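# A closer look at the structure
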Amino acid sequence: MALEFDMTFDPAYGHAVQIAPNVLRLTVENPSPFTFHGTNTYIVGEHALAVIDPGPEDEAHLAAILRAAAGRPISHIFVSHTHRDHSPLTMRLKERTGATVYAEGPHRPARPLRIGELNPLDASADTSFRPDVALADQALVEGDGWTLRAIHTPGHAANHAVFALEGTGLLFSADHVMAWSTSIVAPPDGAMADYMASLDKLLERDDRSFLPGHGGPVTAPQAFMRGLKAHRKMRERAIVERLAAGDRTISEMVSAIYRDTDPRLHGAAGLSVLAQLEDLVARDVVATPAAVAIDAEYRLR
């Protein structure tokens, strides 16, 4: 199917928006080409609450979360992954509320760094984050009138997890599936093979709506994820075609494949091409004389 993005979204900065029974959304005022209008924080529950992805260090957003709680206790904090637009406010919220912090685990790359390799995404990683409870895949956490299921979905980040609100058909998809854009998959933080496997994992479920980390809901998640898979396969074909046409470097491929994309995103596009090439080399479709790297040269097998 054709992949159609939904760019309609009102962030309503500073105000909690009710999007389902006992589910509120707050959006941080941190808009950018990578975060759309900003990072979404979700508050789940009626009496004792859970907060999903507190967001970046932002005094106004912390105040907005506490204001939305309206005196109700916040007993649980869930973190989908450790990029700096999602997790750093966790510790201050924990200090204010005494909540227990749940996540897949601390930040880590999807694979070990090679000798001499630098991680271009180091600055975006919240390496100080540590959960109180490391969640196993499919772990259930029960609160006051709600139950969240943790589902490991590596790809965008090695420790990425999504959370299903049991009995509702709602799934908090963080940065794995978003209605406004594809997810950035950039080695060594993330891995394309992991991302595609995580899509297949969610395709086996029957959730009726995804509530993402940026932008509005994904209202037909199964069809949308099939579109995401087709989009990634299309990008893969485009890379193979550029190699067949004589391109050898990632910068050459980005200039051709992403010529209509905002130039501010070309760096991220290069990392996305690198993720695709890493997978293609592992599958023996593409060869490189050295290690897979952003500045390496590539050719078809």
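Per-chain numbering applies: the sequence of each chain, read as written, is numbered from 1 onward. A pLDDT threshold of at least 70 governs which residues receive local features in this predicted model, and a stricter bar of 80 or more applies before side-chain atom pairs are shown or counted, although totals over entire chains, interfaces and linings include all residues. Values reported for side chains reflect all heavy atoms of the structure, with hydrogen atoms and water molecules removed beforehand.

### A closer look at the sheet that holds strand β4 (residues 49-52)
We apply this condition: Whether two strands pair depends on DSSP finding at least two bridges between them. Numbering of helices and strands runs from the N terminus, with a helix taken as a DSSP run of H or I at least four residues long and a strand as a DSSP run of E at least two residues long. Residues count as neighbours in contact if any of their non-hydrogen atoms are within 4.5 Å of one another. In this description, a line fitted to the C-alpha atoms serves as the axis of each element, helices being fitted only across the stretch in contact, and the angle between N-to-C directions of two axes falls anywhere from 0 to 180 degrees.
As summarised here, the arrangement of the seven strands in space is β1-β2-β3-β4-β5-β6-β7, forming an open sheet in which the pairing is mixed. Every interior strand has two partners, whereas the edge strands, β1 (17-20) and β7 (133-134), have only one. The pairing of strand β6 (residues 100-103) with β7 spans two bridges and is parallel. Residue pairing for β7: Ala 103 is matched across the bridge by Ala 134. Contacting β2 (23-27), β3 (40-44), β4 and β5 (74-79), helix α1 (residues 59-69) crosses the sheet at an angle of about 160° to β2. Sheet strands touched by helix α2 (residues 90-97): β4, β5 and β6. Its angle to β5, the strand with the most contacts, is close to 170°.

### Structural notes on the packing of helix α5 (residues 250-257) against helix α6 (residues 266-282)
Basically, it comes down to this: Angle categories are assigned with fixed cut-offs, so that under 35 degrees is roughly parallel, over 145 is roughly antiparallel, 65 to 115 is roughly perpendicular, and the rest are oblique. With the far helix as reference, a near helix turned anticlockwise by less than a right angle produces a left-handed crossing, and one turned clockwise produces a right-handed crossing. As a working rule, the residues Ala, Val, Leu, Ile, Met, Phe, Trp, Tyr, Cys and Pro are called nonpolar, Asp, Glu, Lys and Arg charged, and the rest polar, with Gly in that last group.
As a packed pair, α5 and α6 sit with axes 9 Å apart at the nearest point and diverge in direction by 115°. As far as their axial angle goes, α6 and α5 are roughly perpendicular. Handedness of the α5/α6 crossing: right-handed. Mapping the contact onto sequence places Ile 250, Met 253 and Val 254 in α5 and His 266, Ala 269, Gly 270, Val 273, Leu 274 and Leu 277 in α6. Split by residue class, the contact of α5 with α6 holds seven nonpolar, two polar and no charged.

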